[in-house]
Amino acid sequence: MSCDAQYLEVNVIEGRDLAPKDRSGTSDPYLILKVEKRKDKTAVVWKTLSPNWNQLFTFPVKDAGTAVLSIVCWDKDVNSSDDFMGQIAIPINEIREKAEMDDWFKLEPHPKKKDFVSGDIHLNLKFREMKHEVSSEDKAEALKKFHTRFPQIPLEENVQEVYHGSLYFSGVPVHGTIYSTNNFVCFYKSFLGKKNKSIIPLANVKSIEKKNSAYIVPNAIEFITLDNAHHFFTGLSHRDRIFDEIFTLWDKIKNPESRSRSGSAETAGNLGNSGNSGNLGSSGNTTPRGSAERKRGSSLIGKITSVIPLHNSPHPVLELSVEFNGKFTDIIVDGTKSVHNAMRTIGESLGIDEEEIDLYDLYYKKKKKLEKSFPIHHYELSNKSVVTLTKPKKRVQLVTDIPALPYKSFEEKYNLSGRSATSDETLLELALHCLYFPVYSQTNPDSGNQISQVLRDALHVPTDIYETIISRVRKHGPTIESSLVDLQFRMYCVNDRVFYTPQNFKNAGDYESWKKRELEQIGVLMKKLIFSDPNFYGNLKIKVVEAKDVKVMDVTGSSDPYVLLSVEDQKAKTKTKKRTLSPVWNEEFEFGVTDPNGGVAIHIFDWDRTKSDDTIARYSQSIQALQLETFTDKWFKSKDGDLHLEFNYSFTHSNYLREWFQVYNNMGTNIKKPDIPVPPHNEFYQRLEKSLFTEISTSDNDGLNEESNWFLEEYSQRFGVGWPFTKIVRLQGLTFMLEPNRSQISDLEEVLTDVTRARSDTPLTIWEENQLAEANEELLVRVGNFLTDMKKLFPKNQPRGVVASLCDILGMIVDTQESGISHLTKFIEAGIHARYVALYPHSKHHNHRDATPDELYDIVLKIQDEIQDDATFAPSFPEIFNYQQVSLQKWMSLLQVDLEHFSEKATFSNTCIEIYLILKKLLEGNSQLEISQNLPKIFAPFLYGWIKSVDLRLKEWIDGACTQSKKTPVSETERYSTSVVDVFGAISQSLREMGALEIRDPFMILQMTEVVCQAAVKYSQRILSDAQASLLKLNSNLKISRSSPEFSFTVSPEICVALNDLSIARIHMDDLTPKVEDELKKCPMGTAAAECNKETFDKCISDTFHQLKTSRDTLQLEVGQGTAQSILAKMMASVHSNSQELSTLIIDYLDDHLSVMSENLSASEFKKTLSEIWESLTLKLKENMFPSGTDDVILMNPSEAENLVKILENLAEYFNAGGSGLNQKFLNERTDLLKKILALYEKSTKFLIDLYTEVTKKPGDVLPIHIEKILSDRSNDKLAKIFLQQIHNPEIRQEQQLLRKQFILTDSEIVVDNYVASCLGKSGKIYLSTSYLLFDGFFGSGPDSDHQIALPLASITAITREGGLVLDKVMVTMKDGEVHTFTSPRNRENMVKEIIDFAKISGNTYLQ
C-alpha cells in the first residue's frame, strides 16, 4: 500500500448564538473556508442566528505540517459590503494527529477589526490519507493517477473510462486527460508546473450535447451545468461513443428509475448534430421522469405570494420534486420557513441567481388533477410533493430597440478624430473604459478610482482634460453594444495592427496562425457578450408550408394531419387538413426566444373525433442552427412523412455576429479598412503595466496589485493584446523589481509558466522573442545570485518552496536541461566557495592553509554542520540534480587542497586522526569523489604515525597490565588474569580503530599486523619470564638434592594463572587474525602484490603463533619436568628399598601438588599439564632404566624392574582417575614401552642378539648399548661372550663376517665353534652357528661349492655316535629322514653336546 495523497474533509454542520448584523436582529450567515491555496464557501442561510448548513467540503493537503484550516464567517448584504462575524483557525497537523474531530469551535475576533463577534460553529473534521494498491492493469493505474490528481473526490469513486482531448480555458483549448467516473467528469493537464483542472459533477449537469469544432468537425461535446457554465470539450476521437458512455452515466443520476435512455439520447444527439457553434451550449431535451403522467406546459399560470409560510407543515424538512423546464429535481427545503426561504433554496439548487428567483412562480398540482394548479401557499404540503417552477408569463416586448449610443463608430467613441491615436489622452480614455465598465473581468467598484488616479498621475493628464474624458466615458455607459463596437473595430484592424504585422513574425505561417487565432478569439468574445446579455431575445417566425408522404393513420387510407410547434413554453398549431397524406398549410407563427441554447419541438398529429390524437412524426430544430442565417428553408424527413418549414430568425446584435462569420470565413480579406490610425494597444499596455507596477513597488497599497491584475487582463482582452505579450511584459516588470521574497518569486514562477505555455501554444513575434531573451538573461543573473546566497537569504530553507520555485524558474529560462544543471551547479558551488572562505579565522598574518590541527578540526566540524544544513535544501531541487552530491563534492574539493598542504607540514596528533574519521564518515557512499580516493594518501603520514602510537601504547599497556595486581584470576570460573583481558582488549580496540580508519594501504595493514603480533609475543614472553622467575624463587629454597626422595617440586596459583594466560593468549590471537586478514583483503591489489602481501602476512601470523606456543610449552615443560623429577626420585627410592611407605609418599605428593593445579588451571590446561608430567616421568624413567652413558652404568636387577613396573601401573591408574583423568590409551602407550624395555632382562641371548642386529640399523638408538650391558652380565653364556667379543674385537668381527658371507647367513647369525672332520669322503670343517650345522670341504670351498652342507638345527631329530678309538662317526638324522655322517671329528663329545644345546636354543623339540 502507498500513500498517494492527503486531504481534509470538512463537514460544516451548524452554527449557534451568532452575532446579529441586520436591523431585524438576525443575520444572513455564510462561511468561507480556506486550506493552503484553495477556497470554498457555504450557502447563505437567510435571517437566522442558528444556521443549519450540513455541507461537506474536501480540500487537498500538500503539507500537513504547516497547513491551517481557516474559516471566516460573513453576513451577506445585498446593498453593501458583507459584515465580518468571526473567524476560526485550526492547524491541520492537530486534526491529523486525532484523525477525526467533531466539536463546536468558537468564533474569534479579528485583531484589526472592531466588529462584535459571538457564537460557535459545529464542525466534523476528518484527515484522510488516500491509499490503494497499485496494479499493472491500465484502469488501476488510471485510478491511482486520478485520485492523486483529484484528492478532493471520494476514494470510492471508480474510473470508468479515460479519454484524451482538449477543454477550453478562457477561450483557449488545453489538451489533457479526461476521466469519466460514476459521478464526475474531470479534466487534468500539467505542463511545466502549471496545472489545469476541472471537475464537473454529473448531478449538476443540465445538458450534454454533441458539438462540432471549427463549425464542421464533429469531435466535440459540451456540458452545461445548473449555474449555466459551459464546458466545451474538443479533439475527441470516437466522439459518438464517448457521448453515449457519459450520457449513460448522467442519465442514471438524473433518472434512476428509467430503464432506457434511447429517447433522450436520440433527442440530445439530434440537437447536438445540428449545432455548430464552438462555445455556445444547448440544453438536451431529455424525457423527464414520469413523463407519461406529466406533460410539458400543463401548469396553469398564477401569481405567487412569497411571504406566507408553508402553512404549518407537519414536516420540518420537506423533500419536494420540482419540475423545471421539463425536468424533475428532488430538493430539500425547510418546511417551517416562508415560501420566500423555500424559493431561495430551490433557486440555489437549480443554479438560478437570487435576484432572479423572485420573478419565478411555484405551483402545486393538487391530487394529480392536471386541469388546475394552485400556488403552494394555499395548501399544506406533504413530503414528496410535486411542484412546478415556471418563468413569469408576462414577457418583455419581443422587439426591443437597442439603446441609442452617443456615437456611431469606434472613432467617435474614443474621440480619435480630435486627437492622436497614440496620445496619452487616448490611452487614458481606453483605460478608463476598461476600469469603469469592464466586460471580461469581475471587479470591485472602488478599485477603478484607485487605478485611475495612478494612471492620471503617471500620464500627466491635466485635470480639465481628465474630467472631460471621465464625463465622456460615463456617458457611453456599460452597454453590450459599446463593447461590441470595440470588438468590431478590433476585427476590422486584424490586418492593420501596429504590433502584429507580417514583418514582426518569423515567417508568414506564424503570422497567419496568429491572425486565425485572433479572429477566433473575437468570435468567442462576441458570442459570450451577445448570449450573456440579460436582455437577449430573438424573434422566430416559422412558416409551416406543407407535408408529403404522411403516414396513413385512418381506416380510410388517409389521415387528418395538423402540426404542433413548441418553443420554450409557447405552443402553436396549424389547422387540421382532413383526409390527405400531402397537406398544404402555408401558415405562419411567431415566437419569442429568450434561450439561445433552446430548440423547436415539432409534432405532426392525426386528429381523431372519438379518442385522443395520435402522433404521426416528431422533429426537432436547434436554435443555434438558425442563428447564423436570417432565413432557413428546410425539409424534415422521416419514415412517417416529410415536413417543409421556413424559419426567419432575428436576434439582438445579430449583425455583429453575422459580420464576424463573413470575415472569419474569408480569413480577414475584403473587410472594411479603418479610416483612422489604430491605437498602439501593445505599447499602451506596456505603459500601463509599467505605471501601475512602479506605483505598486513604491507604495504600501496591498490591494492595488490584485486590482491592477484584473484591469490589465480586461484591457488585453478588450483590445486584443496577445496573451504572450502580456506575460512577457509582466515578466520584464517582475524581473526589474525582483526581490528574494516568497510573494515575488511565486509571481515570477507563475508568469514564467504562462510564458512557457504561450511559447509552446502560440507563435511569438520577433519582438517578444527578443524581449523574452533579454528578460531571461537578466533573470539568470538574479536567480543565480539568489541561489548563490540561498543559505543566507532563506535560512533552513524557509519560507518553504522558495528555493524549489527558483529551480523551476531556472529550468524555464535556460535552453536545455543540461544547461540548467550546469548553471545550477555553478551557482551552488559559488555559494559554497564563499561560505568556505568565511569559515577560516581571518587575520592579517594568518594564512588559512597554515591552520593548526585544532583549527582545522574546528573547520571540519563547521563543514560537517554546513553539509547537514545543506540537506534541508535538497528536497527543493529537481530529482535529476543531486544537490547533496554537488554540495559535498564542492566542500570536499575545496578542503582537499588545504588538507594536502596541511599534511606536508603538520606532525602527527590524535586530532589529525579525528579529522580523518569525520571526513570518512562524511564521504560514506561517495567513493567516486576524488577526495575519497586521495584521503588515505593525504593522511598517510598521520596514519603511519598512528600505527607507531599504537605500538607504543600497546607496549605501555602490556607493562601496566603485567603488574602483580593484574595477575589475579578474573573470577572463580574464569581462571585467567585480567592482564590478558586488558592486553588483548587493547589490541582488539586498536584493530577496531583501524577498521574505522578504513586503511586500504596493504603496507600499512602489514605494519599494523606486525605491531599486533609483536604485542602478543611480548605479552607471552613477559608472562613466561615472570612465571619462570616465580618458579625459580619458589623452588630455590629447597636444599635437598633433586634425586632425593625428599625433593618435592611445587607450583603456586600464580604459576597456574600464567599458564592459563598463555593458553588464552593463543585463543585471543586466533580470534584477532581473521579481523586483520579481512582488512588486508579490502586493499585493492594486483595478483602478484596480493600473493606477496598474503605470504608476508601468513609468515608473520605463523611466527607469532609459534612463539606463543613456545612460551606456553616452555612453562608447561618446566612444570611437568619439575613434577616428574619429584615423582621419579621417590619411585627410584621405593624400587631400591621395596618400601611401601615411599610408594604412599608418591601418592601424597601428587595429591597435594595436583590439587593446586586443578584448582587454578583451566580444565583443558590441567589435562595438558598432566600429560606433560606423564611424558616427562616416563622419559626420565627410561633414562634411569637405561642410562645413556657407556661407562660405569649399573642396571637395575629384574627384581627392581618388577617393582618399578608395579609402581608405574599404580601411577597410571592414579593419572587415569577412573576415566576422568588422562586417557588410558595414552597412559598405556607410555607404560607399555617401559614394560617392553624391562622385559629384555628375561629375553634369551639369541633374541637379544637378533634385536641388537635390528636396532643397530637405526642410527642414534641407545638400545644396543643397553643390550650390551644385559649380555655382559651373562658371563657364563658362551654365545653372549662370543657376541660381545665380536662387537669389541674387529678381527673376530671380520672373521664372523666372512663366514656369514661364505654360507650366506644373516647378520644376526653367530658361529660359535668349529671342528675338523670328513663327510662323504671329503675332508673339511664343521661349523656350529646359532641356527645351523655347517660343513665345508677344504677344496672347492665357497657359496657355490658342491662340498658345502647347511643343516638347520631346529630340524635335527637325532644325533648318534659310532666307532672306536681310531675312526669315530657322528650321524645326524634330519626331519626328512636324511642322515648325514661326519667321520673322525675332533672333540666329538663336546661337539655333540654343543649341537644339542644350540639346537634347543633354536627351538628344536626333537632332541632331549
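Residues numbered from 1 in each chain as written. Predicted model: local features only at pLDDT ≥ 70, side-chain atom pairs only at ≥ 80, totals over all residues. Heavy atoms only, no water.

What about the overall build of the protein?
Then step 1. Helices and strands together make up the secondary structure of the protein, namely 39 helices and 35 strands.
Then step 2. Here the protein, with 1408 residues, has 49% of them falling under the buried criterion.
Then step 3. The contacts of the protein with a sequence gap of at least 6 include a subset with a gap of at least 24, amounting to 65%.
Then step 4. Roughly 68,400 Å² of accessible area belongs to the protein as shown, and the carbon and sulfur atoms make up 49% of that amount. (Helix = DSSP H or I, 4+ residues; strand = E, 2+ residues; numbered from the N terminus. Buried < 20%, exposed > 50% of the residue type's maximum accessible area, 1.4 Å probe, protein only. Contact = heavy atoms within 4.5 Å. Areas by Shrake-Rupley, 256 points an atom, 1.4 Å probe, with all protein chains shown as cover.)

Regarding the packing of aromatic side chains
Then step 1. One pass over the structure, following the stated rule, counts 43 aromatic pairs.
Then step 2. Ring geometry for F146 against F150: centres 5.3 Å apart, planes inclined by 40°, an arrangement best described as tilted.
Then step 3. Exposure remark for F150: the relative accessible area of 0% places this residue in the buried category.
Then step 4. Considering the side-chain rings of Y168 and F232, the 5.5 Å spacing of their centres and the 65° angle between planes classify their relative orientation as edge-to-face. Of this pair, Y168 sits in strand β9 (residues 159–169) while F232 sits in strand β15 (residues 230–234), and the two are 64 residues apart along the sequence.
Then step 5. According to the relative accessible area criterion, Y168 is partly exposed, its value standing at 31%. (Phe/Tyr/Trp six-rings, centres within 6.5 Å; stacked < 30°, edge-to-face > 60°.)

Section: the packing of helix α14 (residues 681–698) against helix α16 (residues 723–737)
Then step 1. Packing of α14 against α16 leaves a shortest axis separation of 10 Å and a crossing angle of 30°. Judged by the angle between their axes, α14 and α16 are roughly parallel. In this structure, α14 crosses over α16, and the sense of that crossing is right-handed. For the pair α14 and α16, the contacting residues are N682, Y685, Q686, E689, F693 and S697 in the first and F725, T726, V729, R730, Q732 and M737 in the second.
Then step 2. Here the contact of α14 with α16 is built from residues that sort into five nonpolar, five polar and two charged. (Axes fitted to C-alpha atoms, helices over the stretch in contact; angles between N-to-C directions. Parallel < 35°, antiparallel > 145°, perpendicular 65-115°, else oblique. Left-handed = near helix turned anticlockwise from the far one by under 90°. Nonpolar A, V, L, I, M, F, W, Y, C, P; charged D, E, K, R; others polar.)

What to know about unusual backbone geometry
Then step 1. Look at the link from Q798 to P799: it is a cis peptide, with omega at -5°.
Then step 2. Relative to the elements of secondary structure, P799 occurs in the loop between α19 (790–793) and α20 (802–813).
Then step 3. Its identity is not glycine, yet N228 carries a phi of approximately 65°, on the positive side.
Then step 4. Owing to a relative accessible area of 45%, N228 belongs among the partly exposed residues under this scheme.
Then step 5. Of note in the backbone geometry, K796 takes a positive phi value of approximately 60° without being a glycine.

As for the sheet that holds strand β26 (residues 614–622)
Strand pairing in a sheet takes place through backbone hydrogen bonds and is either antiparallel or parallel in direction.
Then step 1. Spatially, four strands are ordered β23-β22-β25-β26 in an open sheet, and the strand pairing comes out antiparallel. At either end of the open sheet lies a strand with only one pairing partner, and these are β23 (570–573) and β26. Between one strand and the next, the sheet's axes are offset by a mean angle of 20°, whatever the strand orientation.
Then step 2. Sheet topology places strand β22 (residues 561–567) next to β23; four bridges connect them, and they run antiparallel. From the neighbouring strand, L565 faces β23, where its bridge partner is A572. (Pairing = 2+ DSSP bridges.)

Here we look at helix α23 (residues 883–905)
Then step 1. For α23, with 23 residues, the first-to-last C-alpha span of 34 Å sits near the 33 Å given by 1.5 Å per residue.
Then step 2. At Q896, α23 shows its maximal bend, which comes to roughly 25°. (Expected span 1.5 Å × (residues − 1). Bend = angle between axes of the 7 residues up to and from the residue.)

So, the side chain of S1176
Then step 1. Within the fold, S1176 resides in helix α32 (residues 1163–1185).
Then step 2. For S1176, the contacting residues outside a window of four places in its chain are L1117, G1120, Q1121 and A1124.

So, a positive patch on the surface
Then step 1. A cluster of basic side chains, namely K37, K62, K195, K197 and R742, defines a positive patch on the protein surface.
Then step 2. Assignment of secondary structure puts K195 in strand β12 (residues 194–201). (Patch = residues over 30% accessible without salt bridge, like charges linked within 9 Å, V, L, I, M, F, W, Y side chains within 5 Å. Salt bridge = Lys/Arg side-chain N within 4 Å of Asp/Glu carboxyl O. Lys, Arg positive; Asp, Glu negative; His and termini not counted. Charge placed at Lys NZ, Arg CZ, Asp CG, Glu CD.)

Description of the environment of M1371
Then step 1. With respect to the helices, strands and loops of the structure, M1371 is situated in strand β34 (residues 1368–1374).
Then step 2. Take M1371: its relative accessible area is 14%, and that puts it in the buried class.
Then step 3. Considering only alpha carbons, one finds M1371 and R1361, 10 residues apart in sequence, at a separation of 6.2 Å.
Then step 4. Apart from residues no more than four positions distant in its own chain, M1371 is found in contact with A1358, I1359, T1360, E1362, V1379, H1380 and T1381.

Description of the sheet that holds strand β3 (residues 38–41)
Then step 1. One open sheet holds the four strands; their spatial order is β3-β2-β5-β6, and the pairing between them is antiparallel. Two strands lie at the open edges of the sheet, namely β3 and β6 (83–91), each paired on one side alone. In this sheet, adjacent strand axes meet at a mean angle of 15° when their direction is disregarded.

Quick word on helix α11 (residues 480–492)
Then step 1. Relative to the 18 Å expected for 13 residues at 1.5 Å per residue, α11 spans 18 Å between its end C-alpha atoms, a close match to the ideal helical length.
Then step 2. In terms of burial, α11 is largely enclosed, as 12 of its 13 residues are buried.
Then step 3. Burial in α11 covers these residues: E481, S482, S483, L484, V485, D486, L487, Q488, F489, R490, M491 and Y492.

Some remarks on the pairing of β3
Every other side chain in a regular strand lies on the same face of the sheet, so the side chains alternate between the two faces.
Then step 1. Examined bridge by bridge, strand β2 (residues 29–35) and β3 share four bridges and lie antiparallel to one another. Paired with I32 across the two strands is K41, which belongs to β3.
Then step 2. Linking two consecutive strands that pair antiparallel, namely β2 and β3, is a turn of two residues; a positive phi of about 55° is found at E36 within it.

Topic: the pattern of salt bridges
Should the charged atoms of two oppositely charged side chains come close, the side chains can pair.
Then step 1. Tallied over the entire structure, the rule returns 39 salt bridges.
Then step 2. Here E778 makes a salt bridge to R782, at a shortest N to O gap of 3.1 Å. With a gap of four residues between them, E778 and R782 both fall in helix α18 (residues 766–788), about one helical turn apart.
Then step 3. Measuring nitrogen to oxygen at the nearest pair gives 3.9 Å for the salt bridge that ties D959 to K1018. Here K1018 lies in helix α28 (residues 1002–1035) and D959 lies in helix α26 (residues 940–961), a separation of 59 residues in the sequence.
Then step 4. For D959, a relative accessible area of 36% puts it in the partly exposed group.
Then step 5. On the basis of relative accessible area, K1018 is assigned to the partly exposed category, the value being 29%.

Focus on the environment of E518
Then step 1. Among the secondary structure elements, E518 is positioned in helix α12 (residues 508–532).
Then step 2. Overall, the relative accessible area of 6% leaves E518 in the buried class.
Then step 3. Dropping the residues within four chain positions of it, E518 is found in contact with R490, V494, R497 and G720.

With respect to the environment of K126
Then step 1. Looking at the secondary structure, you find K126 in strand β8 (residues 120–132).
Then step 2. Once the C-alpha coordinates of K126 and T58 are considered, the two residues, 68 residues apart in sequence, prove to be 9.5 Å apart.
Then step 3. Setting aside residues up to four positions removed in sequence, K126 forms contacts with Y7, L8, E9, A99 and E100.

Quick look at the confidence of the model for the protein
Then step 1. For the protein, per-residue confidence averages 79 on the pLDDT scale, and 84% of positions sit at 70 or higher.
Then step 2. Low pLDDT, under 50, characterises residues 367–375; the predicted model gives this stretch 17 contacts beyond four residues in sequence or across chains.
Then step 3. Long-range and interchain partners of residues 393–399, a stretch whose pLDDT sits below 50, account for 10 contacts in this model, where long-range means more than four residues apart. (pLDDT = per-residue confidence, 0-100.)

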